[in-house]
Number of protein chains: 2
Amino acid sequence: MARIVDVANLAGVSTATVSRVLNGKNVRPELASAVRDAVMELGYSPDRTARSLRRRHSEVIALVLPDVENPFFTAVARGVEDVALEAGFSVVLCNTDDRPDKEERYLAVAHDEKMAGVVLAPATSTPPIDRLVGNGRSVVVIDRRVTHAVDQVTFDNRSLGYRATRALVERGFRRIACVTGPATTSTAVDRADGWRQALEDAGLVADDGLLVHANFRVDGGYEALGALLGRSPAADAVLATNNLAGVGVLRALADRHGGPLPGPDANRRSPGPELGVGIVGDLPFATSRTSDVVLVPLNPRDLGVTAARLLLDRISGDDTPARHVVQATEDAAAVVQAAR
Amino acid sequence: MARIVDVANLAGVSTATVSRVLNGKNVRPELASAVRDAVMELGYSPDRTARSLRRRHSEVIALVLPDVENPFFTAVARGVEDVALEAGFSVVLCNTDDRPDKEERYLAVAHDEKMAGVVLAPATSTPPIDRLVGNGRSVVVIDRRVTHAVDQVTFDNRSLGYRATRALVERGFRRIACVTGPATTSTAVDRADGWRQALEDAGLVADDGLLVHANFRVDGGYEALGALLGRSPAADAVLATNNLAGVGVLRALADRHGGPLPGPDANRRSPGPELGVGIVGDLPFATSRTSDVVLVPLNPRDLGVTAARLLLDRISGDDTPARHVVQATEDAAAVVQAAR
DNA sequence: CCGTTAGCAGCAATCGATTACAGCACGACG
DNA sequence: CGTCGTGCTGTAATCGATTGCTGCTAACGG
């Protein structure tokens with residue numbers, strides 16, 4: 001491994017000059033090109049560890065996610081990654097499984113490794129980011145709101161829940177249940193609020209018997225549907241407020257030999273109880289026709305891009321007060337989306 | 001941020017002693033506890049950057065994957081992560097999109113960041129790992145075989161293709177097509193070889209008109225099915241050799257108003273051409289009943305665990321000749337798997 | 001009682017890049 | 001012609017932890 005002194009010797013200059021050339025400071029042109037030649041000849045690339053030690057932070061940013069197996073979050077990761085790489089940063093992906101202890105550990109690692117910043121989809125509304133923030137590290141929270149005064153990027157979750165519900169209403173459904181996530185996550189609560197509001201605006205009932213707090217995973221949606229089917233009066237449609245819960249709901253319906261209904265008046269294509277289904281989110285790995293499902297697609301990649309841009313701004317010194325960005329979604333999503 | 005000298009001063013010892021206590025060398029007990037008290041009091045944690053500089057490698061391992069959005073690879077990531085964290089390493093996830101240029105870039109980053117090792121699912125059969133290996137860095141290749149003499153962990157892909165095909169044969173299918181991945185990946189080729197062998201063993205034809213090389217993504221499977229349906233004599237079943245291609249096949253069938261067949265003799269449940277379907281892999285986000293699909297489930301998490309263990313061995317100095325581990329799959333998978 | 005050795009602690013060098021500061025050359029200006 | 005300023009370049013300190021080497025202490029054997 002060539003070191004900076006090797007380059008300096010070969011080019012006949014000091015290490016300081018080599019460093020300056022590599023970092024774009026002013027250096028006499030002929031020396032600069034001598035340095036560049038030497039760099040090429042030796043195949044030199046700076047030791048990032050040494051650089052980080054000196055610069056007091058590394059060129060790595062941490063992306064801390066509740067579930068890297070959820071396609072929503074992997075798409076976020078893509079967005080963050082693309083922006084970060086462009087700017088010369090590497091991205092570390094960390095899984096918390098929505099567990100505060102794992103979250104804390106990863107945030108500690110991010111801190112101790114002197115990572116330049118953190119993009120965090122928090123497990124709770126009060127993640128332990130004080131030490132990071134206190135030590136001047138940049139943090140951007142995504143997807144779920146937190147109480148800290150840090151940059152945040154979320155969707156307009158209330159509106160998402162509202163739009164999905166209204167689309168079901170427009171298809172003629174009247175008793176629309178809601179399967180949402182833990183009451184501790186703002187996304188679950190906000191989307192359910194949108195559901196409630198849409199029902200009220202349509203003059204329909206939104207009683208608590210129609211609202212189920214499950215988890216935001218496939219099993220949660222699956223079981224929630226079972227619970228809903230036992231109740232009376234029965235619902236004629238279900239809104240799942242995230243993608244995996246939606247998968248669970250669809251799977252539960254498929255297992256009951258039915259499928260989602262295009263609308264209550266359409267011909268049923270198979271026996272058994274069927275329900276209208278709305279989902280906030282996308283189904284990238286669906287194996288059935290989903291054109292009968294009301295989907296409100298999200299753009300998680302854009303969420304990641306926005307968050308990464310915000311973070312890079314902060315890293316390069318932006319110290320304006322914390323912002324809360326509401327990530328726009330496609331307007332087309334506001335209408336009934338009969339998509340794949 | 002407390003530094004090691006602060007701890008040393010508070011404990012009344014030298015920095016060397018603090019370092020030794022923290023790294024489990026022999027130190028007089030009373031000094032050791034004084035150091036530990038000081039560490040607690042100051043909330044000290046060592047600067048990993050400085051440590052890496054001195055130790056000449058960091059405690060980070062890179063996991064370079066073709067597609068972090070593929071549930072197969074995210075499951076691998078889980079396995080690697082769990083083992084690595086346990087051993088005090090952090091895991092960096094990198095996406096190559098199966099593109100050699102991105103792969104090269106990430107491998108270069110892994111090298112320059114002095115990462116302790118790399119787990120690589122290669123984009124080609126000759127990934128640029130020579131510099132890493134040449135500089136003594138540990139590398140474990142997974143999923144696909146490469147020509148280098150490095151540790152490798154793969155499934156028995158020939159057997160996987162064989163078992164899936166035989167299960168279809170046992171269900172009574174006779175003209176079984178195969179949708180596999182690029183001919184440049186060993187997984188695609190090996191699984192297709194298994195398919196061919198199973199057909200021959202059953203006395204059936206495996207002509208090239210039944211074999212389609214697509215990509216290993218959803219669109220590849222989708223389009224391949226369309227291509228197959230146009231051919232004659234028509235196939236009565238399809239084997240998809242990976243999970244996403246399988247999703248594409250199922251989706252294409254769903255769009256044709258059909259679904260997978262339990263067997264040629266069963267009652268068709270809806271009009272239109274239907275096919276038996278076999279898939280090597282799992283469908284974690286399927287939205288339809290998959291009990292009619294022949295699935296040969298994999299255990300990608302175990303693949304990750306195995307690879308990580310191998311890598312950690314290498315990192316801690318194991319320099320035996322390169323090994324090629326064939327990751328075992330559940331034996332139950334050898335029989336027809338009518339699973340979710 | 002002295003010499004030898006083992007065990008432990010401390011000093012200082014070290015990893016490799018960055019950067020404050022000093023020094024030097026050259027031009028402008030009084 | 002001397003002074004000052006400007007703009008590079010080089011020297012050496014610095015980031016913080018680890019570790020080779022030295023030296024001290026204490027125990028043990030002769």
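Residues numbered from 1 in each chain as written. Chains lettered and ligands numbered in written order. Predicted model: local features only at pLDDT ≥ 70, side-chain atom pairs only at ≥ 80, totals over all residues. Heavy atoms only, no water.

**Some remarks on the confidence of the model for chain A**
Close inspection of predicted coordinates is inappropriate in any region flagged by low pLDDT.
Stage number 1. Taken residue by residue, chain A gives an average pLDDT of 88. The fraction at 70 or more is 92%.
Stage number 2. Note that pLDDT drops below 50 for residues 332-340 of chain A; the model gives that stretch 25 contacts with residues more than four away or on any other chain. (pLDDT = per-residue confidence, 0-100. Contact = heavy atoms within 4.5 Å.)

**Notes on the packing of helix 1 (residues 4-11) of chain A against helix 3 (residues 29-42) of chain A**
Two numbers describe a pair of packed helices, the interaxial angle and the distance between the axes.
Residues and elements named next belong to chain A.
Stage number 1. Relative orientation of the contacting elements helix 1 and helix 3 amounts to 125°, with a least axis distance of 9 Å. Overall, the two elements helix 1 and helix 3 adopt an arrangement that is oblique. Where helix 1 crosses over helix 3, the two elements pack in a sense that is right-handed. Along its contact with helix 1, which presents Asp6, Val7, Leu10 and Ala11, the element helix 3 presents Ala34, Val35, Ala38, Val39, Glu41 and Leu42. (Axes fitted to C-alpha atoms, helices over the stretch in contact; angles between N-to-C directions. Helix = DSSP H or I, 4+ residues; strand = E, 2+ residues; numbered from the N terminus. Parallel < 35°, antiparallel > 145°, perpendicular 65-115°, else oblique. Left-handed = near helix turned anticlockwise from the far one by under 90°.)

**Let's talk about the protein's contact with DNA strand C**
Stage number 1. Around DNA strand C lies a shell of 27 residues, among which A:Ile4, A:Tyr44, A:Arg54, B:Arg20 and B:Arg54 are the nearest.
Stage number 2. Those atoms of DNA strand C that come within 4 Å of the protein belong to sugar or phosphate at a rate of 67%.
Stage number 3. A:Ile4 places a polar main-chain atom, nitrogen or oxygen, 2.4 Å from a phosphate oxygen of DNA strand C.
Stage number 4. At 2.6 Å, a side-chain N or O of A:Tyr44 approaches a phosphate oxygen of DNA strand C.
Stage number 5. Among the secondary structure elements, those contributing two or more residues to the surface near DNA strand C are helix 2 (15-22) and helix 4 (48-55) of chain A together with helix 2 (15-22) and helix 4 (48-55) of chain B.
Stage number 6. For the surface near DNA strand C, the leading source of residues is helix 4 of chain A, giving 5 residues.
Stage number 7. When grouped by side-chain class, the residues that make up the surface near DNA strand C number 11 nonpolar, 6 polar and 10 charged. (Near = heavy atom within 4 Å. Polar contact = N/O pair within 3.5 Å; in protein donor to acceptor, adjacent residues only side chain to side chain. Nonpolar A, V, L, I, M, F, W, Y, C, P; charged D, E, K, R; others polar.)

**Some remarks on the protein's contact with DNA strand D**
Stage number 1. In the neighbourhood of DNA strand D, 28 residues make up the surrounding shell, with A:Arg54, B:Ile4, B:Tyr44, B:Arg51 and B:Arg54 lying closest.
Stage number 2. Near the protein, meaning within 4 Å, the atoms of DNA strand D are sugar or phosphate in a fraction of 65%, with bases accounting for the rest.
Stage number 3. Between a phosphate oxygen of DNA strand D and a main-chain N or O atom of A:Ser14, the distance comes to 3.1 Å.
Stage number 4. Between DNA strand D and B:Ser19 there is a distance of 3.0 Å, counted from a phosphate oxygen to a side-chain nitrogen or oxygen.
Stage number 5. Contributions of two or more residues to the surface near DNA strand D are made by helix 2 and helix 4 of chain A together with helix 2 and helix 4 of chain B.
Stage number 6. By residue number, the principal contributor to the surface near DNA strand D is helix 4 of chain B, which donates 5 residues.

**Description of the relation of the copies chain B and chain A**
Stage number 1. Least-squares fitting of chain B to chain A yields an RMSD of 0.1 Å, with the transformation described by 0.0 Å of translation along the axis and a rotation of 180°. Such a combination of rotation and displacement between the chain copies is what one expects of a two-fold axis. Taking C-alpha positions as the reference, the residue of chain B nearest the rotation axis is B:Val92, at 2.3 Å.
Stage number 2. In this assembly, 100% of the residues forming the interface of chain B have copies in chain A that are likewise at the interface, indicating an isologous arrangement. (Least-squares fit on C-alpha atoms with pLDDT ≥ 70 in both.)

**Structural notes on the sheet that holds strand 5 (residues 151-155) of chain A**
Residue and element names in this part refer to chain A.
Stage number 1. Reading across the sheet, the 6 strands line up as 2-1-3-4-5-11 and stay open at both edges, with parallel pairing between neighbours. Strand pairing shows two members of the sheet lacking a second neighbour, strand 2 (90-95) and strand 11 (324-327), which therefore form its edges. Strand-to-strand twist in this sheet, taken as the mean axis angle between neighbours without regard to direction, amounts to 20°.
Stage number 2. Alignment of strand 4 (residues 138-142) against strand 5, held across 3 bridges, turns out to be parallel. Each bridged residue has a counterpart across the sheet, and for Val141 the counterpart in strand 5 is Gln152. (Pairing = 2+ DSSP bridges.)

**With respect to the environment of B:Asp151**
All names here are of chain B.
Stage number 1. Position of Asp151 relative to the elements: it lies in strand 5 (residues 151-155).
Stage number 2. Measuring from C-alpha to C-alpha, the distance between Asp151 and Ala50 comes to 30 Å, with 101 residues separating the pair along the chain.
Stage number 3. If near-sequence neighbours (up to four positions away) are discounted, Asp151 is found in contact with Val139, Val140, Val141, Leu310, Arg314, Pro321, Ala322 and Arg323.
Stage number 4. Separated by 2.5 Å, the side chains of Asp151 and Arg314 make a polar contact.

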